Amino acid sequence: DVKVTQSSRYLVKRTGEKVFLECVQDMDHENMFWYRQDPGLGLRLIYFSYDVKMKEKGDIPEGYSVSREKKERFSLILESASTNQTSMYLCASNGNGEALHFGNGTRLTVT
Amino acid sequence: GESVGLHLPTLSVQEGDNSIINCAYSNSASDYFIWYKQESGKGPQFIIDIRSNMDKRQGQRVTVLLNKTVKHLSLQIAATQPGDSAVYFCAAGGRNTPLVFGKGTRLSVIA
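Below you will find a few notes about this structure. Model, not experiment: these values are computed from the prediction. (Residues numbered from 1 in each chain as written. Chains lettered and ligands numbered in written order. Predicted model: local features only at pLDDT ≥ 70, side-chain atom pairs only at ≥ 80, totals over all residues. Heavy atoms only, no water.)

**Topic: the state of the cysteines**
Filter applied, for reference: Two cysteine sulfur atoms make up a disulfide if the distance between them is within 2.5 Å. Secondary structure is summarised from DSSP: a helix means a run of H or I of at least four residues, a strand means a run of E of at least two, and numbering begins at the N terminus for each. Burial here depends on accessible area, computed with a 1.4 Å probe over protein chains only, as a share of the maximum for the residue type. Under 20% is buried, over 50% is exposed, and the range in between is partly exposed.
A complete count under the given rule lists two disulfides over all chains for this structure. Sulfur-sulfur distance for the disulfide between Cys23(A) and Cys91(A) comes to 1.9 Å. Taking the sign of the S-S torsion, -80 degrees for the link of Cys23(A) and Cys91(A), the bridge is left-handed. Linking Cys23(A) in strand E4 (residues 23-25) with Cys91(A) in strand E10 (residues 87-94), this pair joins segments that are 68 residues apart in sequence. Put simply, Cys23(B) and Cys90(B) are joined by a disulfide, and their sulfur atoms are 1.6 Å apart. Taking the sign of the S-S torsion, 45 degrees for the link of Cys23(B) and Cys90(B), the bridge is right-handed. Of the two residues, Cys23(B) sits in strand E3 (residues 19-25) while Cys90(B) sits in strand E9 (residues 86-93), which places them 67 residues apart along the sequence. Pair check on accessibility: Cys23(B) and Cys90(B) agree, each one buried.

This is the structure:
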């Protein structure tokens, strides 16, 4: 069974803090994705990566960056957290042409 | 780009009845479509997918129908059970483009 593991289920951070959200997958998937999920807005793509050290902007990359130093790990970075980044963050991975597999999410609150 | 929508935010169904959840997409170049189920506190879970060379695909108690002419996708759940209560998302994408998700439909099953 594919496992996508997000390191934290809940995080509370202060405005201006640098925040790291970590995601690890155990199926040697080439592709990894970060989405945020907000009520009424569904899932919106922040960044994705098709290979190690490669990254592409999604639909809402502003205020975020990512890092993919190893194939199994994809980190989302909030350089200076703001209250409008309070959200549920979902990591996903897949092999080429396969369905996305999601982690259980990290609920981030920025105060 | 792709946009996915035209859905009912909520749907209530009597236990044992069939459920139909609808979705529309905008990009005729999209060739991969997928349905996810998300239960409270969990990440989205894969239900069923379909490629554009098909118009129907069946799984266990679920059927996905694809109408490329009107760019419409539906998920049918047979004999709906209380455990089917969740938010259902459709998504559309192409071979080299990330999935775009709809805003989701919350299915409530009335016992």
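**Looking at the interface of chain B and chain A**
Stated formally: Contacts are residue-level and defined by heavy atoms, with any inter-residue pair within 4.5 Å sufficient. Note: buried area is the sum, over both parts, of the accessible area (probe 1.4 Å) each one loses when the two are combined. In the sections that follow, a salt bridge refers to a side-chain nitrogen of Lys or Arg positioned within 4 Å of a carboxyl oxygen of Asp or Glu. N or O atoms within 3.5 Å of each other form a polar contact, as long as, within protein, one can give a hydrogen and the other can take it, and as long as residues adjacent in sequence are counted only when both atoms are side-chain atoms. Ten residue types, Ala, Val, Leu, Ile, Met, Phe, Trp, Tyr, Cys and Pro, are classed as nonpolar, four, Asp, Glu, Lys and Arg, as charged, and the remainder, Gly among them, as polar.
Tallying the contact residues gives 18 residues for chain B and 19 residues for chain A. Interface area for chain B against chain A, summed over the two sides, is near 1,300 Å², with a carbon-plus-sulfur share of 58%. Counting every contact that joins chain B to chain A gives zero salt bridges. Taken together, the links from chain B to chain A amount to six residue pairs in polar contact (both at pLDDT 80 or more). Elements that contribute at least two residues to the side of chain B that touches chain A include exactly strand E4 (32-38) and strand E5 (45-51) of chain B. No other element matches E4(B), which puts four residues into the side of chain B that touches chain A. For the side of chain B that touches chain A, the class distribution of residues is nine nonpolar, six polar and three charged.

**Focus on the pairing of E3(B)**
All names here are of chain B. To keep things clear, this is the line we draw: Strand pairing is defined by DSSP finding a minimum of two bridges between the two strands.
Within E3, five of the seven residues are buried, leaving the element largely enclosed by the surrounding structure. Bridge analysis of strand E1 (residues 4-5) against E3 gives two bridges, and the strand direction is antiparallel. By the bridge assignment, Gly5 is partnered in E3 with Ala24.

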